[in-house]
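Here are the chains, one letter per residue:
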Amino acid sequence: YHATRLTNAEIVKIKNGGLITSSKENCYERADNLLLHGYISKNECDYIKSHCILNVPLEANRIGQIWFLAGSCDISTKDTGLNNLYKDYGGETIRNGIENTPLLEKLNAISKPCSVISYVQLNTVPHYLIDTLAEKLLLKSNKRDISKISFELYSKSKTIPVIDIIYVNEHTKLKIKK
């Protein structure tokens, strides 16, 4: 699943068209859609676009990726590493550029924490991540405890089909099954 915050309009769009990998164009389109739906002003839209971290050459490695967590996760605990993704709007590409601003607070107020459940085709995941996943599975299988494996991976597929979008809160426990 992909952990994020989404507006109602984004939820509908993603359910219909799937998740799109990170790009400047996607960042700008999200800002334009926030403006189109009346969530933000033109100045705020321009601010998001000019502060999208994908504009920074050092962040170019994020382009063309979308991150997922495979496995089960207790979101009710503070140490899951997912809290920032559920707490703040926009994922890292938008959030990191507008962090500590009233605009981020505004976007947090109009969005909901969501887990986007998807099928990720392994041929779209870099080989080094597959090798690491296989190693984790083997280590856990030796202990006969593969039920608690969680693993981060990213896909380079341009669009990832969506199975469902689940709203989460501090009491949510995700258990993903086949």
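Conventions and cut-offs
Residues numbered from 1 in each chain as written. Predicted model: local features only at pLDDT ≥ 70, side-chain atom pairs only at ≥ 80, totals over all residues. Heavy atoms only, no water. Core = buried A, V, L, I, M, F, W, Y, C linked by side-chain atoms within 4.5 Å. Buried < 20%, exposed > 50% of the residue type's maximum accessible area, 1.4 Å probe, protein only. Helix = DSSP H or I, 4+ residues; strand = E, 2+ residues; numbered from the N terminus. Contact = heavy atoms within 4.5 Å. Axes fitted to C-alpha atoms, helices over the stretch in contact; angles between N-to-C directions. Parallel < 35°, antiparallel > 145°, perpendicular 65-115°, else oblique. Nonpolar A, V, L, I, M, F, W, Y, C, P; charged D, E, K, R; others polar. Pairing = 2+ DSSP bridges.

Caption draft 1: Structural view of the nonpolar core. Membership of the largest hydrophobic core comes to 14 residues, with the highest contact counts inside it found for Ile40, Ile48, Ile98 and Leu107. Elements with a contribution of two residues or more to this core: helix 2 (24-36), helix 3 (42-51), helix 5 (91-98) and helix 6 (102-110). Those residues in contact with Ile98 that sit more than four places away from it in its chain are Tyr47, Ile48, His51, Leu103, Leu104 and Leu107. With 11 residues, the next largest nonpolar core counts Leu6, Leu19, Val162 and Ile165 among its residues.

Caption draft 2: Spatial organisation of the packing of helix 3 against helix 5. Two numbers describe how helix 3 lies on helix 5: the axes approach to 8 Å, and their chain directions differ by 110°. Relative to helix 5, the element helix 3 is oriented roughly perpendicular. Mapping the contact onto sequence places Tyr47, Ile48 and His51 in helix 3 and Ile94, Gly97 and Ile98 in helix 5. Grouping the constituent residues of the contact of helix 3 with helix 5 by class yields four nonpolar, two polar and no charged.

Caption draft 3: How the structure looks around the pairing of strand 5 (residues 112-118). Of all seven residues making up strand 5, six are buried, and the element is well covered by its neighbours. One ladder, built from five bridges, connects strand 1 (residues 2-6) with strand 5; its direction is antiparallel. Note that in strand 5 the partner of Leu6 across the bridge is Lys112. The pairing of strand 5 with strand 8 (residues 162-167) spans five bridges and is classified as antiparallel. Across the sheet, the residue bridging to Cys114 is Tyr167, located in strand 8.

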